[in-house]
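Okay, here's what each chain looks like letter by letter:
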Amino acid sequence: MIRLRMSSHDAHYGGNLVDGARMLQLFGDVATELLIRHDGDEGLFRAYDKVEFLAPVFAGDYIEAVGEIVEVGNTSRKMVFEARKVIAPVPGSDSACDVLPEPIVVCRASGTCVTPKDKQRYNK
């Protein structure tokens, strides 16, 4: 799990809306950590098979991204991911934020990563 605040540099559209691709970048970072913990190597992201953008993300939002390896093949690792908004700025304020009573799921995805056999250091 990683958690970070979306900055004004992440905003790509009017109204400080963050590009959905930023969530995929977070999932890539989560996948890298999962592969290092599982195989001792960063591996490679092969493909997403499903991506759902479920709610908008804005500059100032705190997003936590989580992932899990759900299936392990010879070199492939099937993963699922979820990004949640956990803190949001208070509209009209330049510094106030609210911890959300329940996280808002902003994106879900699943995909496959690959760690070549010669790079696997664990679980041989």
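Residues numbered from 1 in each chain as written. Predicted model: local features only at pLDDT ≥ 70, side-chain atom pairs only at ≥ 80, totals over all residues. Heavy atoms only, no water.

Some points on the overall build of the protein chain
- Per the secondary structure count, the protein chain includes one helix and seven strands.
- Listing every helix and strand of the protein chain by position from the N terminus yields β-β-β-α-β-β-β-β.
- Here the protein chain holds 124 residues, and 34% of them are scored as buried.
- Taking as baseline every contact in the protein chain between residues at least 6 positions apart, the subset at least 24 positions apart corresponds to 68%.
- A total of about 7200 Å² of accessible surface is found on the protein chain, and carbon and sulfur atoms cover 50% of it. (Helix = DSSP H or I, 4+ residues; strand = E, 2+ residues; numbered from the N terminus. Buried < 20%, exposed > 50% of the residue type's maximum accessible area, 1.4 Å probe, protein only. Contact = heavy atoms within 4.5 Å. Areas by Shrake-Rupley, 256 points an atom, 1.4 Å probe, with all protein chains shown as cover.)

Details of unusual backbone geometry
- Its identity is not glycine, yet N16 carries a phi of approximately 65 degrees, on the positive side.
- Residue placement: N16 occurs in the loop between β2 (11–13) and β3 (17–18).
- Judged by relative accessible area, which is 44%, N16 ranks as partly exposed.

Quick look at the nonpolar core
- Membership of the largest hydrophobic core comes to 19 residues, with the highest contact counts inside it found for M23 and I63.
- Within the residue set of this core, elements represented by two or more residues are α1 (21–39), β5 (62–72), β6 (76–89) and β7 (97–114).
- The element best represented in this core is α1, accounting for seven residues.
- Setting aside its immediate chain neighbours within four residues, I63 contacts I2, R3, L4, M6, M23, L26, V57, A83, R84, K85 and V106. (Core = buried A, V, L, I, M, F, W, Y, C linked by side-chain atoms within 4.5 Å.)

Some points on the pattern of salt bridges
- A full pass over the atoms with the stated rule returns ten salt bridges.
- Note that E52 is salt-bridged to K50, the shortest N-O span being 4.0 Å.
- Overall, the relative accessible area of 29% leaves E52 in the partly exposed class.
- By relative accessible area, which is 46% here, K50 ends up partly exposed. (Salt bridge = Lys/Arg side-chain N within 4 Å of Asp/Glu carboxyl O.)

Any functional reading would require information that these geometric values do not contain.
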